[in-house]
Amino acid sequence: MCYVNGKTIRELREKRRFTQRELAEKICVSDKTVSKWETGKGFPDVVVIEDLAKALGVSIAELLTGDLKENENPSGNMKKMHFFVCPICGNVITSVGLGSFSCCGVTLPGEEPQSCDKEHEIHLEEVDLEYHLFLDHPMEKKHYVSFVAYVTAESVEVVKLYPEQDISVRFRKKGHGLLYVYCNRHGMFQIRV
Ligand SMILES: [Fe+2]
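Rules and cut-offs
- Residues numbered from 1 in each chain as written.
- Predicted model: local features only at pLDDT ≥ 70, side-chain atom pairs only at ≥ 80, totals over all residues.
- Heavy atoms only, no water.
- Phe/Tyr/Trp six-rings, centres within 6.5 Å; stacked < 30°, edge-to-face > 60°.
- Lys NZ or Arg CZ within 6 Å of the ring centre and 35° of its normal.
- Helix = DSSP H or I, 4+ residues; strand = E, 2+ residues; numbered from the N terminus.
- Buried < 20%, exposed > 50% of the residue type's maximum accessible area, 1.4 Å probe, protein only.
- Lys, Arg positive; Asp, Glu negative; His and termini not counted.
- Salt bridge = Lys/Arg side-chain N within 4 Å of Asp/Glu carboxyl O.
- Contact = heavy atoms within 4.5 Å.
- Core = buried A, V, L, I, M, F, W, Y, C linked by side-chain atoms within 4.5 Å.
- Donors = N, O, S within 2.8 Å, 3.2 Å for Na, K, Ca; no water.

An unreviewed UniProt entry lists the protein chain under the name Helix-turn-helix domain-containing protein, with Fusibacillus kribbianus as the source organism.

Draft legend 1. Examining the packing of aromatic side chains more closely. On inspection of all chains with the given rule, the structure shows 6 aromatic pairs. Taken together, Phe83, Phe147, Tyr180 and Tyr182 form an aromatic cluster joined through their ring pairs. Between the NZ or CZ atom of lysine 160 and the centre of the ring of tyrosine 162, over which it lies, the distance is 5.3 Å. The aromatic ring of tyrosine 131 is capped on one face by lysine 173, whose charged end is 5.7 Å from the ring centroid.

Draft legend 2. Fine view of the side chain of glutamate 111. As for its position among the elements, glutamate 111 is in the loop between β4 (106-108) and β5 (114-115). Here glutamate 111 occupies a buried position and makes no salt bridge, while the nearest side chain of opposite charge, lysine 160, is found at 12 Å. In contact with glutamate 111, other than residues within four places in its own chain, are Phe83, Val85, Tyr182, Gly187 and Met188.

Draft legend 3. Local environment of the pattern of salt bridges. Applying the stated criterion to the full structure yields 7 salt bridges. Arginine 13 is paired through a salt bridge with glutamate 38; the nearest N and O atoms lie 2.5 Å apart. Here the residue arginine 13 occupies a position in helix α1 (residues 6-15), and glutamate 38 occupies one in helix α3 (residues 31-38), the gap between them amounting to 25 residues. A relative accessible area of 8% places arginine 13 in the buried class. Accessibility expressed as a relative area gives 8% for glutamate 38, which makes it buried. Measuring nitrogen to oxygen at the nearest pair gives 3.6 Å for the salt bridge that ties arginine 170 to glutamate 130. One end of the pair, arginine 170, is in strand β10 (residues 168-172); the other, glutamate 130, is in strand β7 (residues 130-135), and 40 residues separate them in sequence.

Draft legend 4. Region of the structure containing the nonpolar core. In terms of nonpolar packing, the biggest core is built from 18 residues, with Leu133, Val145 and Val148 touching the most fellow members. Mapped onto this core, the elements with two or more residues apiece are β7, β8 (145-152), β10 and β11 (177-183). Residue contacts for valine 145: discarding those within four places in its chain leaves Leu135, His137, Pro138, Met139, Leu161, Ile167, Val181, Tyr182 and Cys183.

Draft legend 5. Here's a closer look at the coordination of the iron ion. Coordination of the iron ion by the protein comes from His120 (NE2), His137 (NE2), His143 (NE2), Cys183 (SG) and His186 (ND1), over a distance range of 2.2 to 2.4 Å. Within one chain, the residues serving as donors to the iron ion are arranged as H-x16-H-x5-H-x39-C-x2-H. Highlighted residues: histidine 143 in the loop between β7 and β8 and histidine 186 in the loop between β11 and β12 (187-192), separated in sequence by 43 residues.

Written as structure tokens, this is what we have:
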């Protein structure tokens, strides 16, 4: 099992410009204790790990593995949106980063969008300030497009669709991004706009 490394604690503390005493005060331990952790003479008790991660500005996973996501914007880029679709109830979960999600007792693998094939070709018209999206695809109970989504750097819009409905959706243009369609049989397809 991975457990927190003293070098990681020291690097994170120095990055945030805390003295050992300042860090110690934030998590209600002594500066000698912090020094022990950093020099590998002791480990933080599991009950302080959450507070320690918070004080150092990282997730518990980052603290434990030492795998620091230093160069990533913590708020994430919407274009890196991941979709998780429940095969049982059709629930759609969106996440800016990777994560573990489950629904109806099933752990959901993230969708891996493909380029559109002939059957899932996205037809797009730009009309004034809108994108009009059409698809010539079955909309039967057993085979249909269950949602379409428009993702830009700042936002995500998901439109749910139902069997017997036409696939005709309008999105207000918000700049470059990705359009996704999700077919309940064939998975997710994308085009850049
Ligand atoms: Fe399909």
